[in-house]
Amino acid sequence: MPGEKADLVELLRQMILIREFDQLAIELRTARRIHGALHPYVGEEAVAAGVCAALRPTDRITSTHRGHGHCIAKGADINRMMAELFGRVDGYCKGKGGSMHIADFAIGMLGANGIVAGGMPIACGAALAAQLEDAGGVAACFFGDGATGEGEFHETLNIAALWKLPLIFVCENNRYGAGNAVESVRANPEISQHAAAYGMPGVPVDGNDVLAVRDATAEAVERARRGAGPTLLHCKTFRWLFHAMRDVPPPETRSADLLAAWRGRERDPIARFEDHLSAGGVVTAAEVLAIRDQVKRALAAAVDFAEASPYPDPKDLLVDMFAD
Amino acid sequence: MPGEKADLVELLRQMILIREFDQLAIELRTARRIHGALHPYVGEEAVAAGVCAALRPTDRITSTHRGHGHCIAKGADINRMMAELFGRVDGYCKGKGGSMHIADFAIGMLGANGIVAGGMPIACGAALAAQLEDAGGVAACFFGDGATGEGEFHETLNIAALWKLPLIFVCENNRYGAGNAVESVRANPEISQHAAAYGMPGVPVDGNDVLAVRDATAEAVERARRGAGPTLLHCKTFRWLFHAMRDVPPPETRSADLLAAWRGRERDPIARFEDHLSAGGVVTAAEVLAIRDQVKRALAAAVDFAEASPYPDPKDLLVDMFAD
Amino acid sequence: MREISFTQALDEALAEEMRRDARVIALATTRAPALEKEFGDKRVRFTPISEAAFTGIGLGAAGSGFRPVVHWGMVTFSFVAMDQIVNQASKIRYMFGGQADFPVTYRCTTGGGAQTAAQHSQSPYSMFMHLAGLKVILPSTPFDAKGLLKSAIRDNNPVVSFECSRLAAVTGPVPEGDYTVPLGVAEVKRAGHDVTVVGLAYYVRETLAVAADLAAEGISLEVIDPRTLVPMDAETIRASVRRTGRLVVVDEAPATCSAASEIIALVTEDPDTFQALKAPVQRVCAAPVPVPFSPPLERAALPDQSKIKAAVRRVLESAPVAV
Amino acid sequence: MREISFTQALDEALAEEMRRDARVIALATTRAPALEKEFGDKRVRFTPISEAAFTGIGLGAAGSGFRPVVHWGMVTFSFVAMDQIVNQASKIRYMFGGQADFPVTYRCTTGGGAQTAAQHSQSPYSMFMHLAGLKVILPSTPFDAKGLLKSAIRDNNPVVSFECSRLAAVTGPVPEGDYTVPLGVAEVKRAGHDVTVVGLAYYVRETLAVAADLAAEGISLEVIDPRTLVPMDAETIRASVRRTGRLVVVDEAPATCSAASEIIALVTEDPDTFQALKAPVQRVCAAPVPVPFSPPLERAALPDQSKIKAAVRRVLESAPVAV
Ligand SMILES: Cc1ncc(C[n+]2csc(CCOP(=O)(O)OP(=O)(O)O)c2C)c(N)n1
Ligand SMILES: Cc1ncc(C[n+]2csc(CCOP(=O)(O)OP(=O)(O)O)c2C)c(N)n1
Ligand SMILES: [Mg+2]
Ligand SMILES: [Mg+2]
């Protein structure tokens, strides 16, 4: 079994936390205890966890509208995340951002982003900074399959390749951009093929296999750190739930068979990794239960933390606008 | 010798006219008889002429800031072009557009464009119109190597491929985007390689060989007309002169050797085609002289036409703003 | 008359126009099953998330004989396509000397008030108004929405239709069948004589509510809805101000260089209207911040009835009504 | 004092700031050989023609500890990058609760008057002013250009520097070495008492020329240059209008929702200034068309000294100066 036991268990714990966080968020939103739009990451946990496992705390990432998983994997505090969903002053953005705009610059999480592909140039700027700092830092940008329709994706690929920037492009192909299947919006679904025209490695990855994601990322990171430039990872995964919810979760329109195929134990990134670890003797069922229990308690505490935090004072409306 | 004699001679005449038009425009601009910025097409004539030779008059094109050649090849009236450069009311745009914005919708020339890659989505719209009309029409968009840095290029490739639109992408790689060599702004200079990721043919073409351009375009057009979708042609050519001039032509900064290599008889698209035609017995030296003479006279007449045309009346400033 | 929602009214407008004219085609990033069913997937296209490309596609198809209706989604996403809007659509007709018409309609949703935070709560109409070359509509009722969108689709120029999200579910009377509301004609939504209040979109409703409240106190507001921002019906607004001598403009865009600023300039540069002004004009706009997520902050950032009332009282205090 | 051109002043500002602070880096689509030579091609980057990407790169590098100065070329090309400007740069600090600073400067050239036609003759400052979240500078002299650009680069927020093309070759006194002009401080370029004329960029010069002419007729203009559009020094303008009672604003952007509209709104909504106004305000702006190519049309489209004079006379006729 490659990797230290503690690291593997931590990966499992992270994935469970990511899933439970978003499932709880859906409950809270349905109960109207939190506000705004919600984009659950359920089913895609292996991508965030696998990628961030290959990064250093000082490496920087940018995220998308579906960003809770990236935050957690990069090491964000779930109390402050939850407080942000509740619109409270102890949230990461003091309640100004909400679900779609969580950031934690202190841990190199440069922000979720409501604009499809909008975070990619920003990550490229972080990669430029890393190259200039010359201390072996890298940056990674998460983006969806739908983002490949946007020019910013392509422009960033070229510049990163041209300047050999330490940037990892992480395409989370969850098969849909909102209501549209990837085949319906792309002439060619194999996204990694864009890389060739930039002389960049384009790597298809099983995005539901957290170790495969971690290892592919590690290779890309190694390449980036030695100055050989960016890599395009095409992580193939599946969006278990709806694209987005507001007051109620929208109805499922996809076939039950399809959903079952992806949610089965062999494909579910968490169950699959759990089985893999127990088969390898790394964890016992009891340990997994304990993790789940700890996660639930941590999340309950996060809700308490959030609800104990006050709403921002309207008098502070103009605070944070401009830096001195 | 493939093709009818008349067609071949017409190709030669067109290329000569394109070159002479722009050389005259430089003289006129240097003498301050015309205004604004000028982007000469000298050296790249085979691309416009070869592409348009494979199009029908009803097919539509969009052009770039370096657009005089495209206009002439599509069949524009040099009198009205010249009047536009002079800012006169008989110009194609009644003097409102100038060199960078000549259009003739009647002949399917949907406009030169001052925005790098800006014409590509517009051409794609014309291709969509052609597909909906279902009468075998196609559209072509000209764009430079520099335009491949812009997102609009990539977005348009995907949509055209996805919808199998009858669109021909004509990349005029003249080796420079303004002052910058293509290698300095692209990770991979082989532009046709972008096509693969869209399941689209990407065809490198000798852009100084007018028949090669015409034949590659004809194949792409045939493909487009039968509903098989777009093609990316990568026409490799060379910008003989400066990127742009205003009051005076800017100094040359490229090496004399490089220039000589591209301007030699074997590479000059006009001299080379002329030699090819005379070797094949299609034209005599005397016929070529007669063409040159006719072109000079036509251009002199165009200048007369332009100068005889009045400036637009300032009272008409608001005319043409909104259609009824 | 039957009542339908703002969204239904807009949907009807598009479907009726597609029925009326086979050259009308629709492009959007989301599927429209009813339209697809009726008109087929040739005329009803759903597109990749490539706003720049499909904005230009709409323009190119318009210049090639079609009448595209292009939906950007939220106005937020139009910024990805801004080159095609600013450098192409708004200039293409004039720059080419009026050779061709470009009958393309761009639609998008606007506005805050739904806890969707900074990026998804924008009302940047003034950025589009500033571009000489686009017409702009901004309806506030289902009736106007249907009638204006139809006029937009029939117009031979690029028109941008801003559709306020907070109005989506609002219902109101809409006649069956065809009618249009002309571009460039404001409507006095309530006649009054003390203060002219120009409201935009959602804030027409809020202003009408304030007018009803203040009527009880004997204060008479004239509520005007421009409905079209370009061309702006300045004369209807000026005529009202010449009677009331007082002007408040209410909108949820930040004040700086807003439609509200423009309305103030149109009023104060007109000599007769200027002479009739009794009190300083007032803008009731969003605070100069990106719209924040947290409900109390968002409420503080956006205009509301109490802020409108306060502005009305300010102009009345500054020039009291003669009894 | 030595005289250098507007362009030289800007070049000096950038070079001096790069010398002063190693975190200042430069990105542009055109090479800058002198800068590259002095600072190396790591800090002086020339980029592909990918404005959206490099606008975001500047922002991301700013959020990662650098101070990028990003040159868009003409403002025209910024529209390709508008998502990064509107949805990212102007919102990123506030939306994230002020966690990080984004000290990035975006530079571009603006304006018409050089027969470069619609796409290459734009002055859309107001579109950027409308975005709560960007600071905006618009210098009119070499001295201000150098001092303001330095302040912009040292500012810890995204700042947009609009640099008027028609001023590029204009020369003026500029001290050697370091100095700054603070953001948000207008300058009275000429004191006077009959009419306040606010000019922007090139039109500060034109207005000063008009002021000199009219002085001969005994008409005294006070000429104000805001220099910074965000934050706008409204108080300097208002104080002047309170003394003169008359306001003309001159700029080459089309009037609708322009900086000129905003200045008028700032003046007429302020009670004391409103009370002091004796005549309707006047905008002298570009005609509402894309700037045409042909010289006589272009001249007709843009403001000039005679149009400024006519506006001044209009406000004076409407409220004659007491002798
Ligand atoms: C520029 C832009 N266009 C449209 C949208 C609306 N939108 C939000 S998410 C989304 C789908 C994105 O799909 P994908 O990139 O695959 O990410 P996923 O939601 O699947 O994680 C769309 C169209 C947007 N946010 N930004
Ligand atoms: C969006 C945009 N960015 C920058 C420019 C300035 N510009 C005009 S032409 C040009 C170079 C274009 O190079 P290429 O596409 O290779 O065309 P070429 O000039 O070689 O024909 C540049 C950068 C522009 N017109 N539009
Ligand atoms: Mg997806
Ligand atoms: Mg080129």
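Everything below is about the structure printed above this text.
Rules used throughout
- Residues numbered from 1 in each chain as written.
- Chains lettered and ligands numbered in written order.
- Predicted model: local features only at pLDDT ≥ 70, side-chain atom pairs only at ≥ 80, totals over all residues.
- Heavy atoms only, no water.
- Helix = DSSP H or I, 4+ residues; strand = E, 2+ residues; numbered from the N terminus.
- Rg over C-alpha atoms; globule rule 2.2 N^0.38 Å.
- Buried < 20%, exposed > 50% of the residue type's maximum accessible area, 1.4 Å probe, protein only.
- Contact = heavy atoms within 4.5 Å.
- Expected span 1.5 Å × (residues − 1).
- Phe/Tyr/Trp six-rings, centres within 6.5 Å; stacked < 30°, edge-to-face > 60°.
- Lys NZ or Arg CZ within 6 Å of the ring centre and 35° of its normal.
- Buried area = accessible area lost by both parts, 1.4 Å probe.
- Salt bridge = Lys/Arg side-chain N within 4 Å of Asp/Glu carboxyl O.
- Polar contact = N/O pair within 3.5 Å; in protein donor to acceptor, adjacent residues only side chain to side chain.
- Nonpolar A, V, L, I, M, F, W, Y, C, P; charged D, E, K, R; others polar.

Now for the overall build of chain A. In terms of regular secondary structure, chain A is built from 10 helices and seven strands. A compact globule built from 324 residues would reach a C-alpha radius of gyration of about 20 Å, and chain A, at 19 Å, matches this within 12%. For chain A, the C-alpha atoms occupy an extent of roughly 55 × 50 × 40 Å along the three principal directions. Each of the 324 residues in chain A was classed as buried or not, and the buried ones make up 64%. A separation threshold of at least 6 residues defines the contact pool for chain A, and within that pool the share at least 24 residues apart is 74%.

Moving on to helix 5 (residues 119-133) of chain A. In this model helix 5 of chain A runs 21 Å from its N-terminal to its C-terminal C-alpha over 15 residues, within 8% of the 21 Å that 1.5 Å per residue would give. Of all 15 residues in helix 5 of chain A, 14 are buried; the element is thus mostly enclosed.

Across all of its chains, the model carries 24 aromatic pairs over all chains by this definition. Plain terms: the ring middles of Tyr176(B) and Phe238(B) are 5.9 Å apart, the flat faces sit at 75° to each other, and that makes the pair edge-to-face. You can see Tyr176(B) sitting in strand 4 (residues 176-177) and its partner Phe238(B) sitting in the loop between strand 7 (231-236) and helix 8 (256-263), a full 62 residues away along the chain. Looking at Phe238(B), the relative accessible area reads 0%, which means it is buried. Plain terms: the ring middles of Phe128(C) and Phe162(C) are 5.2 Å apart, the flat faces sit at 75° to each other, and that makes the pair edge-to-face. You can see Phe128(C) sitting in helix 7 (residues 125-129) and its partner Phe162(C) sitting in strand 7 (residues 159-164), a full 34 residues away along the chain. Taken together, the ring pairs connect Trp72(C), Phe79(C), Tyr106(C), Tyr125(C), Phe128(C) and Phe162(C) into an aromatic cluster. Directly above the aromatic system of Tyr311(A) lies the positively charged group of Arg88(A), at a separation of 4.1 Å from the ring centroid. Over the face of the ring belonging to Tyr202(C) we find Arg166(C), whose NZ or CZ atom lies 4.0 Å from the ring centre.

With that out of the way, let us pick up the interface of chain B and chain A. At the interface, 20 residues of chain B touch 20 residues of chain A. Interface of chain B and chain A: buried area, both sides summed, is about 1,500 Å²; carbon and sulfur atoms make up 53% of it. In terms of surface lost to chain A, no three residues of chain B exceed Leu162(B), Ala187(B) and Ala197(B), which account for 31% of the buried area on that side. Put simply, chain B and chain A have zero salt bridges between them. Across the contact surface, chain B and chain A share eight residue pairs in polar contact (both at pLDDT 80 or more). When its residues are assigned to classes, the side of chain B that touches chain A shows seven nonpolar, nine polar and four charged.

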